[in-house]
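Residues per chain are reported as follows:
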2 protein chains.
Amino acid sequence: MATIQDVAKKAGLSRTTVSRVINEHPYVTEEKKRLVTQAMQELNYVPNSSARRLRRQQTETIAVYVPRITNPFFSHLVEVMEKEAAKKGYQLILCQTRYKKEQERNFLELLKTKQVDGLILTSIENDWSEFEPYLSFGPIVVCNEYSDSAQVPSVYLNQIEGSYLGTKHLIDQGYTKIGYCTGNHKSSRVSKDRKIGFLQALDEAGIMMKEEWFFYNAYSVQDGFAAFKKLSELDDKPQAVFTGSDEVAAGIAKAAFDAGWKVPEDIAIIGFDNQPLAALMDLTTVEQPIDTIAKQAMNLMVEAIQAKKPLSRKEVILPFQLIKRSST
Amino acid sequence: MATIQDVAKKAGLSRTTVSRVINEHPYVTEEKKRLVTQAMQELNYVPNSSARRLRRQQTETIAVYVPRITNPFFSHLVEVMEKEAAKKGYQLILCQTRYKKEQERNFLELLKTKQVDGLILTSIENDWSEFEPYLSFGPIVVCNEYSDSAQVPSVYLNQIEGSYLGTKHLIDQGYTKIGYCTGNHKSSRVSKDRKIGFLQALDEAGIMMKEEWFFYNAYSVQDGFAAFKKLSELDDKPQAVFTGSDEVAAGIAKAAFDAGWKVPEDIAIIGFDNQPLAALMDLTTVEQPIDTIAKQAMNLMVEAIQAKKPLSRKEVILPFQLIKRSST
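Keep in mind that what you see is a predicted model, and the values were worked out from it rather than measured.

Caption draft 1: Region of interest: the overall build of chain A. Assigned secondary structure in chain A consists of 14 helices and 12 strands. The C-alpha atoms of chain A give 26 Å as radius of gyration, which overshoots the globular expectation for 328 residues (20 Å, by more than 25%). Looking at chain A as a whole, 56% of its 328 residues are labelled buried. Across chain A, every contact between residues at least 6 apart in sequence was considered, and the portion connecting residues at least 24 apart equals 71%. Surface exposure of chain A reaches about 14,100 Å², of which carbon and sulfur atoms provide 49%. For chain A, the centre of its 41 positive side-chain charges and the centre of its 41 negative side-chain charges are spaced 8 Å apart.

Written out as structure tokens, the structure reads:
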């Protein structure tokens, strides 16, 4: 591979002159520019982008945090973000936090050491106070998750409304014994709010909830299998179950089918997201406008990078839609 | 944000001395080192990683090409690659080619301009001759796809064997009229080889194939819907269909179900990959060892970056497994 020295030798000029041409230094004659450019072409020499990035103090790279990319909700978010970023000349670095606090903190170094221009968080495991000190190194945008204490823009959905919508639908179908299956209700604001919306719908209808009908830390198809097992072993079983993910809902539906139960006669199930899976398994679900969330978050991020100004708190709240299918 | 000038001022030393401390220059006194380090800490100053990277000529970043991250086969590959890369101190840049030649070529600039140390290609749209000139800028490893002319390591599966295994299973179940539904059989070596294996199994059993039973450019659930529509309108319909993806197989199964057909009585369907979807929809499928392919490709890449030696052709071929379910 050709070096700057090779170019200097070929052009018959000093390394400093070559460097000046590359860096568009004002005091270089046209003749020297021509000689250097010609030598670079002949040697197939490309200036190292790190040098250019160093001068401009920009990496044109954005880190996106997701818990795991195999969750279709997050792969869909990332697909749209990557398309938007590519249009604007930015690359994405993929950071999988795997629902782990430490893993999430490790990736913050990317911003501190200026390997990325900004961070988009689609999930949050740590307290916001862990992120706060990193804001001096570059913009952070929150997307999907949200935090009351985060002084940055958040593009998210009113999850209270979303779970209220789904739960109200179950109540309207005549179910009075309704189970609840969701993620981490302790650290995730999304999970906390979904629980509020769920309980609100129940409360309005004067419906009681049993502690044994709550199933926590459910994220995957496998978790759905496990939730069905617990549910099926109860003496007093729920007639319907609200879930926070189509994958969990699909796992419950499949386990129920394998156990000889009928859906929705023996158990009604509602998912969340409207992933392709939900259509395939005929699951009623609460649709989130993923394309819109992803695009808005990426636009806010690129604007922040280009404006080089600190971001302030801003909320972009988008609506949900109920998709009715045969599972309820 | 503090600059190197601020550090120099605080430490009461010259900018050059500060720079020497940061760059671990040998001729700096311990006292000066202490003053600079203390000033950096007080000002929360972090040296720009671009400068360090520039000196070391490494970015600790690897670009991974996928057609689209929402395809569960590719999101699974990327999930495992990212985990492996993180363990070794590397980040991944996600490049979605969207099955487009131009998009694929655009991302090659990342290697040329040294924004990444190497490229892993999980799909190939262009002729290998388009990639060849970029090998002088860094290592390229091919994973899942393969090319006869690529003088680089390829970690892949013998797709002739995979489709032979699946087709033979359909023949053993007694089907003699078998359709074939796959991706791009013109540029993709994977698709070409799958077709060879399919035809080989048919040929051995003395079974004839009809041109109208071939369905090309099918990748998604939607493509499965479209394939079923075409298939259902034929006068002479196949009894079974071999597909190159669980998503396509799931689309056909759902469309068949919605049209009142029984699976496998009216149409038997076999998928490819063994995605979670296949288990949920009870689809027989040909399993690919995704974790192993992803880990081996990432290990070869990191070795190549660290050895700083050009890679030579090498093939790592892994086995398939047939997963029998109720769809055949």
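Caption draft 2: Molecular detail of the pattern of salt bridges. Evaluated as defined, the whole model comprises 32 salt bridges over all chains. In this structure, the salt-bridge partner of A:Lys254 is A:Asp258, at a minimum N-O distance of 2.9 Å. With A:Lys254 and A:Asp258 both in helix α12 (residues 246–258), this residue pair falls four residues apart, about one helical turn. Note on A:Asp258: relative accessible area 52%, which makes it exposed. For B:Arg189, the salt bridge goes to B:Asp148, with nearest N and O atoms at 2.6 Å. With B:Arg189 in helix α10 (residues 189–204) and B:Asp148 in the loop between β4 (140–143) and β5 (153–157), this residue pair connects regions lying 41 residues apart in the sequence.

Caption draft 3: Structural view of unusual backbone geometry. Geometrically, the link from A:Val263 to A:Pro264 is a cis peptide bond, its omega value of 10 degrees lying close to zero. A positive phi is found at A:Asn144, a non-glycine position, where the angle reads about 85 degrees. Structurally, the position occupied by A:Asn144 is in the loop between β4 (140–143) and β5 (153–157). Exposure remark for A:Asn144: the relative accessible area of 8% places this residue in the buried category. You will see that B:Lys114, though not glycine, has its phi angle at about 60 degrees, which is positive. Within the element layout of this structure, B:Lys114 appears in the loop between α7 (109–112) and β3 (118–121).

Caption draft 4: Highlighting the nonpolar core. By size, the foremost hydrophobic cluster in this structure holds 94 residues, and its most contacted members are A:Met81 and B:Met81. For A:Met81, the contacting residues outside a window of four places in its chain are A:Val64, A:Leu92, A:Ile120, A:Thr122, A:Cys143, A:Ala294, A:Ala297 and A:Met298.

Caption draft 5: Layout of the domain arrangement of chain A. Under the domain assignment, chain A is made up of domain 1 (4–56), domain 2 (61–157 + 290–320) and domain 3 (159–287). Distance between the C-alpha centres of domain 1 of chain A and domain 2 of chain A: 37 Å.

Caption draft 6: Layout of the relation of the copies chain B and chain A. With an axial shift of 0.0 Å and an RMSD of 0.1 Å, the rotation relating chain B to chain A amounts to 180 degrees. On the angle and the small slide along the axis, the relation comes out as a two-fold axis. Residues of chain B ranked by C-alpha distance from the rotation axis are headed by B:Ile93, positioned 2.3 Å from it. The fraction of interface residues of chain B whose copies in chain A are also interface residues reaches 98%, indicating that both copies meet through the same surface.

Caption draft 7: Layout of helix α3 (residues 30–43) of chain A. Residues and elements named next belong to chain A. Between its terminal C-alpha atoms α3 stretches 20 Å, which fits the 20 Å expected from 14 residues at 1.5 Å a residue. Those residues of α3 that fall on the buried side of the exposure criterion are Val 36, Ala 39 and Met 40. Buried residues of α3 fall within an arc of 100 degrees about the axis and therefore sit on the same side. For α3, the exposed residues set more than 90 degrees away from the buried face come down to Glu 30 and Gln 41. Contacts from the buried residues of α3 go to α1 (4–11) and α2 (15–22). Two residues or fewer past α3, Asn 44 is found with a positive phi of approximately 55 degrees.

Caption draft 8: Structural detail: the packing of helix α5 (residues 72–87) of chain A against helix α14 (residues 290–307) of chain A. Residue and element names in this part refer to chain A. Close contact between α5 and α14 brings their axes to 8 Å; oriented N to C, the two are set at 45 degrees. Between α5 and α14, the crossing angle belongs to the class labelled oblique. Read as a crossing pair, α5 and α14 show a hand that is right-handed. Taking contact as the criterion, the partners of Phe 73, His 76, Leu 77, Val 80, Met 81, Glu 84 and Ala 85 in α5 are, on α14, Ile 290, Asp 291, Ile 293, Ala 294, Lys 295, Ala 297, Met 298 and Asn 299. Split into classes, the residues belonging to the contact of α5 with α14 amount to 10 nonpolar, two polar and three charged.

Caption draft 9: Geometry of the interface of chain B and chain A. Taken together, the contacts link 48 residues of chain B with 47 residues of chain A. Of the roughly 4,300 Å² buried between chain B and chain A, counting both surfaces, carbon and sulfur atoms make up 60%. If you look at where chain B meets chain A, you find four salt bridges. Ionic pairing is found between B:Glu82 and A:Arg98, a salt bridge with its closest N-O pair at 2.8 Å. Taken together, the connections running from chain B to chain A amount to 12 residue pairs in polar contact (both at pLDDT 80 or more). Among the elements of the structure, α4 (49–56), α5 (72–87), β2 (91–96), α7, α11 (221–232), α12 (246–258) and α13 (276–280) of chain B are those that each provide at least two residues to the side of chain B that touches chain A. It is α5(B) that contributes the most residues to the side of chain B that touches chain A, seven residues altogether. Two elements, strand β2 (residues 91–96) of chain A and β2(B), share three bridges in a ladder whose sense is antiparallel. Bridge assignment links A:Leu94 to a residue of β2(B), and that residue is B:Leu92.

Caption draft 10: View of the confidence of the model for chain A. Residues and elements named next belong to chain A. Confidence in the prediction of chain A, expressed as mean pLDDT, is 90, and 96% of residues score 70 or more. Per-element confidence in chain A is highest for strand β8 (residues 240–243), whose mean pLDDT is 97, and lowest for helix α4 (residues 49–56), whose mean pLDDT is 58. Per the prediction output, this complex has pTM 0.79; the corresponding ipTM is 0.76.

Caption draft 11: Just the pairing of strand β9 (residues 268–273) of chain A, in detail. Residue and element names in this part refer to chain A. Across the six residues that make up β9, a large majority, six, are buried. Pairing analysis gives three bridges linking β8 to β9, with the strands arranged parallel. Paired with Val 241 across the strands is Ile 269, a residue of β9. This β-α-β element, β8 to α12 to β9, shows right-handed connectivity. Taken together, the four bridges between β9 and strand β10 (residues 284–287) define a ladder with parallel strand orientation. Paired with Asp 273 across the bridge in β10 is Glu 287.

Caption draft 12: Spatial organisation of the packing of aromatic side chains. Residue and element names in this part refer to chain A. A complete count under the given rule lists 30 aromatic pairs over all chains for this structure. Put simply, the rings of Tyr 180, Phe 198, Phe 214, Tyr 216, Phe 242, Phe 272 and Phe 320 pair up and form one aromatic cluster. Between Lys 195 and the ring centre of Phe 214, over which it is positioned, the NZ or CZ distance is 4.8 Å.

Caption draft 13: Structural detail: the sheet that holds strand β12 (residues 321–323) of chain A. All names here are of chain A. On the basis of which strands lie adjacent, the open sheet formed by six strands has the order β7-β6-β8-β9-β10-β12 and mixed pairing. Single-partner strands in this sheet number two, and they are β7 (214–215) and β12. As defined by bridge partners, strand β6 (residues 178–181) adjoins β7 across two bridges and the pair is classed as parallel. Paired with Cys 181 across the strands is Phe 215, a residue of β7. On the sheet, α12 packs against β6, β8, β9 and β10 and is oriented at approximately 155 degrees with respect to β9.

Conventions we followed
Residues numbered from 1 in each chain as written. Chains lettered and ligands numbered in written order. Predicted model: local features only at pLDDT ≥ 70, side-chain atom pairs only at ≥ 80, totals over all residues. Heavy atoms only, no water. Helix = DSSP H or I, 4+ residues; strand = E, 2+ residues; numbered from the N terminus. Rg over C-alpha atoms; globule rule 2.2 N^0.38 Å. Buried < 20%, exposed > 50% of the residue type's maximum accessible area, 1.4 Å probe, protein only. Contact = heavy atoms within 4.5 Å. Areas by Shrake-Rupley, 256 points an atom, 1.4 Å probe, with all protein chains shown as cover. Lys, Arg positive; Asp, Glu negative; His and termini not counted. Charge placed at Lys NZ, Arg CZ, Asp CG, Glu CD. Salt bridge = Lys/Arg side-chain N within 4 Å of Asp/Glu carboxyl O. Core = buried A, V, L, I, M, F, W, Y, C linked by side-chain atoms within 4.5 Å. Domains from an automatic or database assignment. Least-squares fit on C-alpha atoms with pLDDT ≥ 70 in both. Expected span 1.5 Å × (residues − 1). Arc of directions from axis to C-beta. Axes fitted to C-alpha atoms, helices over the stretch in contact; angles between N-to-C directions. Parallel < 35°, antiparallel > 145°, perpendicular 65-115°, else oblique. Left-handed = near helix turned anticlockwise from the far one by under 90°. Nonpolar A, V, L, I, M, F, W, Y, C, P; charged D, E, K, R; others polar. Buried area = accessible area lost by both parts, 1.4 Å probe. Polar contact = N/O pair within 3.5 Å; in protein donor to acceptor, adjacent residues only side chain to side chain. Pairing = 2+ DSSP bridges. pLDDT = per-residue confidence, 0-100. Right-handed = clockwise from strand over helix to strand, strands pointing away. Phe/Tyr/Trp six-rings, centres within 6.5 Å; stacked < 30°, edge-to-face > 60°. Lys NZ or Arg CZ within 6 Å of the ring centre and 35° of its normal.

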